[in-house]
Amino acid sequence: MLSMLRETCEISINKERLIHDLNAISRIGLGDHGAVTRLVFSVKELRARQLLIHLMNHAGLKVHVDRIGNIFGRLNGANSKAPAVLAGSHLDTVVQGGKFDGPVGVIGALEAVRTLRENNVVFAHPLEVVCFVGEESSRFGFSTLGSSLVAGEVKLEDLANAVDAHGTKLEDVLSSMGIYRHNLTSLKRDPASIKAYLELHIEQGPILEAKAKKIGLVTSIAAPTRLKVVFAGQADHSGTTPMEMRKDALVAAARFISYVEDVCLEFSHMDKGRVVGTVGALKIEPGVINAIPGKAELSVDIRSISAESKDQVAKLIIEQAREIAQRRNISVDILPIRNELPVALDEGLLLLIEEGCKRKGIPYEIMPSGAGHDAMQMAKITRAGMIFVPSRRGISHNPLEWTEPEDICLGSQLLMETIVRLANED
Ligand code: GLV
Ligand code: MN
Ligand code: MN
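A brief report on the enclosed structure follows.

## Topic: the overall build of the protein chain
Inference 1: Helix and strand content of the protein chain: 13 helices and 16 strands.
Inference 2: For 426 residues, the compact-globule formula gives about 22 Å, and the C-alpha radius of gyration of the protein chain, at 23 Å, lands near that figure.
Inference 3: C-alpha extents for the protein chain along the principal axes are approximately 80 × 45 × 40 Å.
Inference 4: Of all intrachain contacts in the protein chain linking residues separated by at least 6 positions in sequence, the fraction that spans at least 24 positions is 79%.

## Re the coordination of the manganese ion (ligand 2)
Inference 1: Each protein donor to the manganese ion (ligand 2) is listed here as D101 (OD), E136 (OE), E136 (OE) and H397 (NE2); together their distances run 2.0 to 2.8 Å.
Inference 2: Counting residues between consecutive donors of the manganese ion (ligand 2) along the chain gives the motif D-x34-E-x260-H.
Inference 3: Between the manganese ion (ligand 2) and the manganese ion (ligand 3) the interatomic distance amounts to 3.7 Å, and D101 serves as a bridging ligand to the pair. On the criterion of sequence distance, the pair formed by E136 in the loop between β4 (127–132) and α5 (145–150) and H397 in the loop between β16 (383–389) and α13 (405–423) is long-range, its members being 261 residues apart.
Inference 4: Judged by relative accessible area, which is 7%, E136 ranks as buried.
Inference 5: Judged by its relative accessible area of 41%, H397 falls in the partly exposed class.

## Here's the deal with the pattern of salt bridges
Inference 1: The tally for this structure, following the rule as stated, stands at 26 salt bridges.
Inference 2: Among the salt bridges present, the one from R17 reaches E118, with a minimum N-O distance of 2.5 Å. Linking R17 in helix α2 (residues 15–26) with E118 in helix α4 (residues 103–118), this pair joins segments that are 101 residues apart in sequence.
Inference 3: Through salt bridges with shared partners, a single network forms among R17, D21, E111, R114 and E118.

## Re empty space enclosed by the protein
Inference 1: According to the stated counting rule, one finds one cavity of 30 Å³ or more in the structure shown.
Inference 2: Of the voids in this model, the largest cavity is the one considered here, and its volume is about 30 Å³.
Inference 3: Residues that form the lining of the largest cavity fall into these classes: five nonpolar, one polar and one charged.

## Section: the coordination of the manganese ion (ligand 3)
Inference 1: Bound to the manganese ion (ligand 3) are the protein donor atoms H90 (NE2), D101 (OD) and H201 (NE2), situated 2.1 to 2.2 Å from the metal.
Inference 2: One chain supplies every donor to the manganese ion (ligand 3), and in sequence these donors are spaced H-x10-D-x99-H.

## As for the pairing of β16
Inference 1: Most of β16 is tucked away, with six of its seven residues classed as buried.
Inference 2: With two bridges joining them, strand β6 (residues 215–221) and β16 adopt antiparallel strand pairing. When the bridges of β16 are listed, L217 appears paired with I387.

## Points about the site of ligand 1
Inference 1: D101, E135, E136, R226, R303, A371, G372 and H397 make up every residue found near ligand 1.
Inference 2: Within the contact set of ligand 1, an oxygen atom lies 3.0 Å away from a side-chain nitrogen or oxygen of E136.
Inference 3: Between an oxygen atom of ligand 1 and a side-chain N or O atom of H397, the distance comes to 3.0 Å.
Inference 4: Residues that form the shell around ligand 1 fall into these classes: one nonpolar, two polar and five charged.

## What to know about the pairing of strand β7 (residues 224–232)
Inference 1: Extensive coverage of β7 is indicated by the burial of eight of its nine residues.
Inference 2: In this structure, β7 lies alongside strand β13 (residues 331–339), joined through eight bridges in antiparallel fashion. Counted as the bridge partner of R226 is R338 from β13.

## Description of the packing of aromatic side chains
Inference 1: Inspection of the entire model under this criterion finds three aromatic pairs.
Inference 2: Between F100 and W402 the ring centres are 5.4 Å apart and the planes differ by 90 degrees, which places this aromatic pair in the edge-to-face class. Within this pair, whereas F100 is found in the loop between β3 (84–90) and α4, its partner W402 is found in the loop between β16 and α13, the two being separated by 302 residues in sequence.
Inference 3: By relative accessible area, F100 is classed as buried at 6%.

## As for the packing of α4 against α13
In helix packing, the relevant descriptors are the interaxial angle and the interaxial distance, both defined with respect to the helix axes.
Inference 1: It is at 9 Å that the axes of α4 and α13 come closest, and there the two elements cross at 55 degrees. Put simply, α4 runs oblique to α13. Note on packing geometry: the crossing formed by α4 with α13 is right-handed. Residues V104, G108, A109, E111, A112, V113, T115 and L116 of α4 pack against I408, S412, L415, M416, I419 and V420 of α13.

## So, the side chain of E135
Inference 1: Inspection of the secondary structure puts E135 in the loop between β4 and α5.
Inference 2: Here E135 is buried and forms no salt bridge, its nearest opposite-charge partner R303 lying at an N-O distance of 7.1 Å.
Inference 3: In contact with E135, not counting residues within four places along its chain, are H90, D92, S143, T144, G372, H373 and D374.

The rules behind each value
- Residues numbered from 1 in each chain as written.
- Chains lettered and ligands numbered in written order.
- Predicted model: local features only at pLDDT ≥ 70, side-chain atom pairs only at ≥ 80, totals over all residues.
- Heavy atoms only, no water.
- Helix = DSSP H or I, 4+ residues; strand = E, 2+ residues; numbered from the N terminus.
- Rg over C-alpha atoms; globule rule 2.2 N^0.38 Å.
- Contact = heavy atoms within 4.5 Å.
- Donors = N, O, S within 2.8 Å, 3.2 Å for Na, K, Ca; no water.
- Buried < 20%, exposed > 50% of the residue type's maximum accessible area, 1.4 Å probe, protein only.
- Salt bridge = Lys/Arg side-chain N within 4 Å of Asp/Glu carboxyl O.
- 1 Å grid on protein atoms, 1.4 Å probe; cavity = no way out; pocket = protein on both sides within 12 Å on 5 of 7 lines; lining within 4 Å.
- Points joined across faces, edges and corners; volume = space filled by probe spheres on them.
- Nonpolar A, V, L, I, M, F, W, Y, C, P; charged D, E, K, R; others polar.
- Pairing = 2+ DSSP bridges.
- Near = heavy atom within 4 Å.
- Polar contact = N/O pair within 3.5 Å; in protein donor to acceptor, adjacent residues only side chain to side chain.
- Phe/Tyr/Trp six-rings, centres within 6.5 Å; stacked < 30°, edge-to-face > 60°.
- Axes fitted to C-alpha atoms, helices over the stretch in contact; angles between N-to-C directions.
- Parallel < 35°, antiparallel > 145°, perpendicular 65-115°, else oblique.
- Left-handed = near helix turned anticlockwise from the far one by under 90°.
- Lys, Arg positive; Asp, Glu negative; His and termini not counted.

Set out below in structure tokens:
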């Protein structure tokens, strides 16, 4: 075992190939100013998945695509019946995002596994590189779709309110692919077939850079509570309707948005279990200069590592929406999209990755994740661990997202070494 480990540490991933493939993925959906847009189930996102399948085939992996489009590229070890070590992330993006959120974990895992294959490294458990569908909530407000289905974590009622900006329902997109409510459960993977799940990801925050650390070891993930709030007043003439007679849905929404910020600022300290809240999408009707807005539809995204604080804030936000509507004599509908519990990742895996950092003298930080990840779903059916690499100025979900190629390669190398250790563990 020791000699095997020593040998693996001497094997190096192919840095040029990793960065080359990452760049190839990021050219799909590339727009102005370096922005990348590959919304789930869009043509661009499907093309990125096709490219990945090609790369996996080329690397000699056995590819399996499940009904929703999650991709698994498998390399068997000495015992093909043993549970597999999975590593991956996602290829879909937000609107006008960056190149790294997701693909670093998928291509970083592919590079790790193909390096092991090329070097004939001996391991017992099978390895699988994974790409989950629809990690981002940008299209439907519903995040980690593919990994939630694999973990058996999708509730039927969760899907009902998921609609994109063009009015297309997530349920309709799924049924067009033959996925109906009654067979959602068939995508669940048998937990006995998985030994562990590892995800390499950019930090998407400023901590590693500020502390001059190269690697983040993730303890827990702040899962979101998401709502759709719809204020319905009355559209009316903007010139003739006296101010005191208006039922302006957008003014109600404006008061509500301010409240979301105020209440989250009150919960901004760690001793209160820090909560962040965002209204990131707003749709108004009729949306013209000379009519009072009759309808305002907003998205609310509330996150915290503390389930208790998150629930408290969500309750206050819902109460406030009702109060505002009542005061203005308009109506409000509050539609839950998803309410998830924060997730603790596996301590044993964290220690294993930490050992790898210590062995190589890599400066690391043990930290929670404010962003959501597929690992938070996989943690419900297996041991899950995450490796973060630094994000320049902490910027993410933005074309300016940047991680140094050297840091990405270091993350992939550490991932490879962790995979080998796990794949040889009893
Ligand atoms: C995923 O990027 C998220 O929204 O946390
Ligand atoms: Mn993201
Ligand atoms: Mn991501």
